[in-house]
Amino acid sequence: MNKTWWKILGSVLVVYTAIAGLLLGVPRLPILNESIRNLYFHVPMWFSMIVLFSISVFYSIKSLSSKSEIDDLKAVESVNAGIIFGLLGLVTGAIWAKYTWGQFWSFDPKQNFAAISVLLYFAYLILRNAIDEEQKRAKISAIYNIFAFPMMVVLLFVLPRLKDSLHPGNGGNPGFNSYDLDSRMRMVFYPACLGWILIGYWVYTIRFRLRSIETKQQHN
């Protein structure tokens, strides 16, 4: 039970999010209307991705000193899981954009920088596959990952604020506040973030266990 409580919690929170997110009331705002419910799904995907990439960079830093294959596997599998949630973030964002801005992709600065952030980590995986020697691959990809993480942070949180954007909170466009993100939405949004982060971590642990089994079989 000690090893599964957080999995149960994550599952319960995500189910709660899906039900409450569709049934509970939301503020009636111009343009957004009912599409504001996507906040419960779109934003938690990005939070989950960032947490998983944070785990990855931690193990990349650790692997440089430990030279441990386990740390390297944890780094790459957390990136694999993070990319899944990054892609889900792009897809849910594109759907939201279609209903609020009129098209799936309007080349809004935050859309573009978010896509580049995900591509940074696709490049990480491509780099790993291009190197055959294990120790060299682990070292070079760890160094790349250490530099990719702050670049991702700048792309998501710094550069979009320097340009006009349709996204809330960027380029002078007001973000969600006490007026539109009211108590009803907070009761769903915060559990959604925690739930999806836990599910994301669960996906990472599953991928790591499978990869560990494959590695042991290859060594045998």
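Only a predicted model underlies this, so the values are computations on that prediction, with no experimental measurement involved.

About the cut-offs
Numbers given for residues are sequential positions, taken from 1 along each chain in its written order. In keeping with the predicted nature of the model, local features appear solely for residues at pLDDT of at least 70, side-chain atom pairs appear and are counted solely at 80 or more, and the whole-chain, interface and lining totals rest on all residues. Hydrogens and water molecules were not included; the side-chain quantities draw on all heavy atoms of the structure. Numbering of helices and strands runs from the N terminus; a helix is a DSSP stretch of H or I covering at least four residues, while a strand is a stretch of E covering at least two. Relative accessibility thresholds used throughout: buried, under 20% of the residue-type maximum; exposed, over 50%; partly exposed, between the two (1.4 Å probe, protein chains only). Contacts were defined at the residue level, with two residues in contact if any of their heavy atoms lie within 4.5 Å. Only the protein chains shown count as cover for residues, with accessible areas throughout obtained via the Shrake-Rupley method and a probe of 1.4 Å. What counts as a ring pair is set by centres within 6.5 Å for rings of Phe, Tyr and Trp (its six-membered ring), and what kind of pair is set by the plane angle: stacked under 30 degrees, edge-to-face over 60, tilted for all other angles. Put simply, a salt bridge is a Lys or Arg side-chain nitrogen that is within 4 Å of an Asp or Glu carboxyl oxygen.

## Some words on the overall build of the protein
The helix and strand inventory of the protein stands at 6 helices and 0 strands. When its helices and strands are written in sequence order, the protein yields α-α-α-α-α-α. Classification of the 220 residues of the protein by burial places 47% in the buried group. Residue pairs in contact within the protein that sit at least 24 positions apart in sequence constitute 74% of those at least 6 positions apart. As presented, the protein carries roughly 11800 Å² of accessible surface, and 68% of it is formed by carbon and sulfur atoms.

## With respect to the packing of aromatic side chains
Throughout the structure, instances matching the rule amount to 7 aromatic pairs. Note on F189 and Y190: the rings are 5.7 Å apart at their centroids and 55° apart in plane angle, and the pair reads as tilted. Here F189 falls in the buried class, since its relative accessible area comes to 9%. Site record: aromatic cluster; members linked through ring pairs are W6, Y201 and Y204.

## Focus: the pattern of salt bridges
Under the defined criterion, the tally for this structure stands at 4 salt bridges. In this structure, K62 and D71 form a salt bridge, with 3.9 Å as the shortest nitrogen-oxygen distance. When its relative accessible area of 39% is taken as the criterion, K62 is described as partly exposed. Put simply, E77 and R207 hold a salt bridge, and the shortest N to O gap is 2.7 Å.

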